[in-house]
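# Structural overview
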Amino acid sequence: MGGGAGHGGDPSLVRLLAGWLPRQRWFGGKDAPIDDLAIGTATELRTGDPGLHHLVLDVRQGGATEHYQVLLGVRRDLPERLRPHEIGLLAGAAGIAGHAYDAVHDPEQTRPLLAHMAGESVIGPLRFRRTPGTGIRTDLDGAPSTAEQSNTSLVFGDAYMCKLFRKLTPGVNPDLEVNLALTRAGCEHVPAVHGWIELAPGDGAGGEPVTLALLSEFLRSAADGWQLALTSVRDWFARQPPPGPPSGPPAALTPDDAGAAGGDFAAEAERLGAATAQVHRDLADAFGVTAAPAERLRALAAGMNEQLDAVAEDVPQLRPHAAAVRAAFAEVAAAGAELPFQRVHGDFHLGQVMRTDHGWVLLDFEGEPARAPAERRAPGHPLRDVAGMLRSFEYAARFLIASDGNLAPGTADMLELRAQAWAERNRAAFCAGYAAAGGPDPAAHAALVRAFEFDKAVYEIRYEARNRPSWLPVPLRSLEHLAGRHGPISKVRFRGPGHRSME
Ligand SMILES: Nc1ncnc2c1ncn2[C@@H]1O[C@H](COP(=O)(O)OP(=O)(O)O)[C@@H](O)[C@H]1O
Ligand SMILES: O=P(O)(O)O[C@H]1O[C@H](CO)[C@@H](O[C@H]2O[C@H](CO)[C@@H](O)[C@H](O)[C@H]2O)[C@H](O)[C@H]1O
């Protein structure tokens, strides 16, 4: 990737980086040893003390090479606040001596990034870009966001968020590509793009630059969709059931009782469905729609089965459900009709949406991190995103049960029923909002949505097994539930808060 100068040959730095990298949250290769690490490009961004170097690391594991981005700070004396971020001590083999550290944690080192984007600097292979027609403030320092994420985002005051893509993919990152197109189209449901950083294509690489960072509007006072949903689930779990007959057990709570609980989420879920349909429409306008022929649907089902086989190999708990999952995929392969495919979000869940004072905003159009770059940018059916969000309602509903290891069996069963009721109500509301705003009606494409949901659940099982094993019961439990259900929104119809509508 690209070319550059600097301390690319310093063996002690390479050794230090190889020890430090596997401990980073964003490093994607934790399940295998590093066979080789080399510094692909090194670009000096600041001389003196502190020094700042931009590195692209080429990391070889099991025959494949991935590229990671690091902002390397070097200081002769490392202040206490930066000690947790130290990579190690450089003895000066390539003329650099001092403490090497991850400079994203050093506000003094982050400010120049804004200045370079504002001034559209070109430094070695790095190109700093500003969205035409926008100004960028240069008086702010950045601090890493505390949000749970796959990359590292720097927050600059209440003005900008700059996402540094840690694992680099060839070409323009879909998050930049999509956000820029939607910003230009005036879409209200994405944060406006102000600038970006890219790496010029290296000698012989040809083609597109590699996206390194994306500078967007910071959504101040916005609330994370996942946290809002969990708050609603907590309220629902804490609710007392209505009294039953004097001698009998307490009456059961139905999905619509969730509507009467404080903190009901269904109206928000409905609005989120509408925002999703609007973004899908804007994506279709910006990138076009193609009719996917029968072979494309067969290839789609084949890809789903391939993932299923691979994950069932690694996670034995998935195997009892494999037949039900495979049957759902077979329905996609057999669907005769041509389906409209277009650019979609690709990894849509409650952690990718924020509620601002003017409505829902969708984030992170990078697609699923475990998928190959070409697959992430490939057109898909918009109901794949709908299925992603339906899965996320299941996750939110079950997360509190799975994360409390001390529940008595009776309580766990009661909460499981409540979890189902919450998920069903909000799934129905989301689908209603999506269809009412002009998206393809999920109820009319039940088999397709079901296959997408299964595919996502299989993906999640691998994701959790690799990254957060204690969360594994969440997708496994809802896979069991999904395997026993026949439509994407069960038997509950959403008719707005307060309606009772079991059918
Ligand atoms: N523009 C923004 N303004 C405020 N918060 C944001 C913004 N973009 C992302 N976030 C927060 O950061 C989190 C991670 O962002 P995301 O783009 O999903 O990063 P990653 O791809 O690294 O996982 C989001 O869940 C959200 O809470
Ligand atoms: O946001 P990312 O692009 O990093 O996506 C990955 O991580 C997500 C978790 O942070 C993961 O999402 C899964 O867990 C969520 C709760 O934390 C839940 O809302 C989602 O429905 C569930 O898929 C995502 O799958 C993964 O690609």
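Read on for an overview of the structure. Values in this document were obtained by computation on a predicted structure and should not be read as measured data.

### Structural notes on the sheet that holds strand S10 (residues 160–164)
Spatial strand order, S6-S7-S12-S13-S10-S9-S8: seven strands in an open sheet with antiparallel pairing. Looking at the sheet topology across the chains shown, the edges are occupied by strand S6 (122–123) and strand S8 (142–144). Relative to S10, strand S9 (residues 152–156) runs antiparallel, the two being bridged by five bridges. In the strand pairing of S10, Ser 153 is matched with Lys 163. In the packing of helix H2 (residues 107–118) onto the sheet, the strands contacted are S6, strand S7 (126–130), S8, S9, S10, strand S12 (193–199) and strand S13 (210–217), and the crossing angle to S7 comes to about 70°. Against the sheet, helix H3 (residues 174–184) makes contact with S10, S12 and S13, and its axis sits at roughly 150° relative to S12, the strand it touches most.

### Side note on the packing of helix H10 (residues 383–403) against helix H12 (residues 446–467)
For the pair H10 and H12, the least separation of the axes is 8 Å and the interaxial angle reads 55°. In terms of orientation, H10 lies oblique with respect to H12. Crossing hand, H10 versus H12: right-handed. Where H10 approaches H12, its residues Leu 383, Arg 384, Ala 387, Gly 388, Leu 390, Arg 391 and Tyr 395 are matched on the opposing element by Leu 448, Val 449, Phe 452, Glu 453, Lys 456, Ala 457, Glu 460 and Glu 464. For the contact of H10 with H12, the residue count by class is eight nonpolar, one polar and six charged.

### As for the site of ligand 1
Every one of the 17 residues lining ligand 1 counts as a neighbour, but Gln 149, Asn 151, Leu 219, Gly 351 and Asp 364 are closest to it. In this structure, Gln 149 approaches ligand 1 through a side-chain N or O atom, which is 2.8 Å from an oxygen atom. A distance of 2.8 Å is found between an oxygen atom of ligand 1 and a side-chain nitrogen or oxygen belonging to Asp 364. Contact with the protein chains removes 90% of the 560 Å² of surface that ligand 1 exposes when unbound.

### Description of the environment of Pro 112
Assignment of secondary structure puts Pro 112 in helix H2. Under the relative-accessibility criterion, Pro 112 is labelled partly exposed at 24%. Put simply, Pro 112 and Arg 46 are 66 residues apart on the chain and 8.9 Å apart in space, counted from C-alpha to C-alpha.

Procedures and definitions
Residues numbered from 1 in each chain as written. Chains lettered and ligands numbered in written order. Predicted model: local features only at pLDDT ≥ 70, side-chain atom pairs only at ≥ 80, totals over all residues. Heavy atoms only, no water. Pairing = 2+ DSSP bridges. Helix = DSSP H or I, 4+ residues; strand = E, 2+ residues; numbered from the N terminus. Contact = heavy atoms within 4.5 Å. Axes fitted to C-alpha atoms, helices over the stretch in contact; angles between N-to-C directions. Parallel < 35°, antiparallel > 145°, perpendicular 65-115°, else oblique. Left-handed = near helix turned anticlockwise from the far one by under 90°. Nonpolar A, V, L, I, M, F, W, Y, C, P; charged D, E, K, R; others polar. Near = heavy atom within 4 Å. Polar contact = N/O pair within 3.5 Å; in protein donor to acceptor, adjacent residues only side chain to side chain. Areas by Shrake-Rupley, 256 points an atom, 1.4 Å probe, with all protein chains shown as cover. Buried < 20%, exposed > 50% of the residue type's maximum accessible area, 1.4 Å probe, protein only.

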